[in-house]
Amino acid sequence: MKRRSPYRNYLKTPVEQYENIVYLLVVDTDEAIAEGYEKLTAQPWSDAYRVMKGNSEFAGYSFMKIYDASVSRPAMLKELAAMLGTEKTVTFGLRSNNDHVLTNDDPDRMVRELRDSFEPVDFRCWKSIFRL
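Residues numbered from 1 in each chain as written. Predicted model: local features only at pLDDT ≥ 70, side-chain atom pairs only at ≥ 80, totals over all residues. Heavy atoms only, no water.

Novice: Can you explain the side chain of Ser62? Please cite residues and give values.
Specialist: Following the sequence through the fold, Ser62 ends up in strand 3 (residues 61-68). When its relative accessible area of 6% is taken as the criterion, Ser62 is described as buried. At 2.5 Å, the side chain of Ser62 forms a polar contact with the side chain of Asp30. Non-local contacts of Ser62, meaning those with residues more than four positions away in its chain, are made with Val26, Val27, Asp28, Thr29, Asp30, Ile33, Gly54, Asn55 and Ser56. (Helix = DSSP H or I, 4+ residues; strand = E, 2+ residues; numbered from the N terminus. Buried < 20%, exposed > 50% of the residue type's maximum accessible area, 1.4 Å probe, protein only. Polar contact = N/O pair within 3.5 Å; in protein donor to acceptor, adjacent residues only side chain to side chain. Contact = heavy atoms within 4.5 Å.)

Novice: Mind laying out the confidence of the model for the protein chain, listing which residues take part and the relevant values?
Specialist: Chain-level statistics for the protein chain give a pLDDT mean of 78 and a share of 76% at 70 or above. Predicted confidence in the protein chain is weakest over helix 4 (residues 126-130), with a mean pLDDT of 63, and strongest over helix 1 (residues 30-41), with 94. (pLDDT = per-residue confidence, 0-100.)

Novice: Which residues make up the pairing of strand 3, and what are the values?
Specialist: Strand residues, when the strand is regular, have side chains that alternate between the two faces of the sheet. Pairing geometry for strand 1 (residues 24-29) and strand 3, over 6 bridges, is antiparallel. Looking across to strand 3, one finds that Val27 is bridged to Phe63. (Pairing = 2+ DSSP bridges.)

Novice: Requested: an account of the packing of aromatic side chains, with residues and values cited.
Specialist: Counted under the stated rule, the structure contains 2 aromatic pairs. Measuring from centroid to centroid gives 6.0 Å for Trp45 and Tyr49, while their planes differ by 90°, and the two rings are edge-to-face. Assessed through its relative accessible area of 44%, Trp45 is described here as partly exposed. Assessed through its relative accessible area of 42%, Tyr49 is described here as partly exposed. Residue placement shows Lys65 over the ring face of Tyr23; its charged tip is 4.9 Å from the ring centre. (Phe/Tyr/Trp six-rings, centres within 6.5 Å; stacked < 30°, edge-to-face > 60°. Lys NZ or Arg CZ within 6 Å of the ring centre and 35° of its normal.)

Novice: Residues and numbers for the sheet that holds strand 3, please.
Specialist: Reading across from one edge, 1-3-2 is the order of the 3 strands in this open sheet, with antiparallel pairing throughout. Looking along the sheet, the strands with just one partner apiece sit at the ends: strand 1 and strand 2 (49-55). The average undirected angle you get between the axes of adjacent strands in this sheet is 20°. (Axes fitted to C-alpha atoms, helices over the stretch in contact; angles between N-to-C directions.)

Novice: Could you give an account of the layout of surface pockets, with specific residues and numbers?
Specialist: Each pocket or cavity is described by its volume, and for the second largest pocket that value is around 490 Å³. For the second largest pocket, the lining is made up of 18 residues, of which Ile21, Val22, Asp68, Val71 and Glu79 are closest to its centre. Listed by contribution, the elements that provide at least two residues to the lining of the second largest pocket are strand 2, strand 3 and helix 2 (73-84). The residue makeup of the lining of the second largest pocket, split by class, is 11 nonpolar, 3 polar and 4 charged. (1 Å grid on protein atoms, 1.4 Å probe; cavity = no way out; pocket = protein on both sides within 12 Å on 5 of 7 lines; lining within 4 Å. Points joined across faces, edges and corners; volume = space filled by probe spheres on them. Nonpolar A, V, L, I, M, F, W, Y, C, P; charged D, E, K, R; others polar.)

Novice: Provide a residue-level description of the environment of Val51, including the pertinent values.
Specialist: Structurally, the position occupied by Val51 is in strand 2. You can call Val51 buried: its relative accessible area is 18%. For the pair Val51 and Thr41, spaced 10 residues apart in the sequence, the C-alpha separation amounts to 7.7 Å. Sequence-distant contacts of Val51, defined by excluding residues within four places in its chain, comprise Tyr37, Leu40, Met64, Lys65 and Ile66.

As structure tokens, this is what we get:
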């Protein structure tokens with residue numbers, strides 16, 4: 001079940017100055033988010049950040065996410081591959097830029113694709129994953 005609480009993204013502890021934060025989430029009224037978005041994107045330093053806004057599931061409210069401009073899915077995959085020491089990655093998703101494109105009409109397809117791609121499992125690779 002998807003968590004729907006508006007508190008799910010709140011930090012409950014003080015954040016250290018150099019702690020890694022993926023994005024900043026702002027939730028407010030539609031008007032306040034629209035005004036904040038316009039002010040942020042008008043700043044001369046706005047190119048250093050990626051600002052996305054969208055409608056909340058709660059009527060009359062919107063959200064805005066503020067990311068570092070360099071944050072992207074390909075950058076994340078590259079960093080994970082370097083951290084785990086992998087040479088090949090396989091992606092699953094709903095868009096055509098993935099290795100395996102999935103549709104919502106068959107929820108078990110990803111499980112079958114994983115099984116067909118990786119069986120039999122070679123546990124020698126786990127040594128690098130778990131640093132055994």
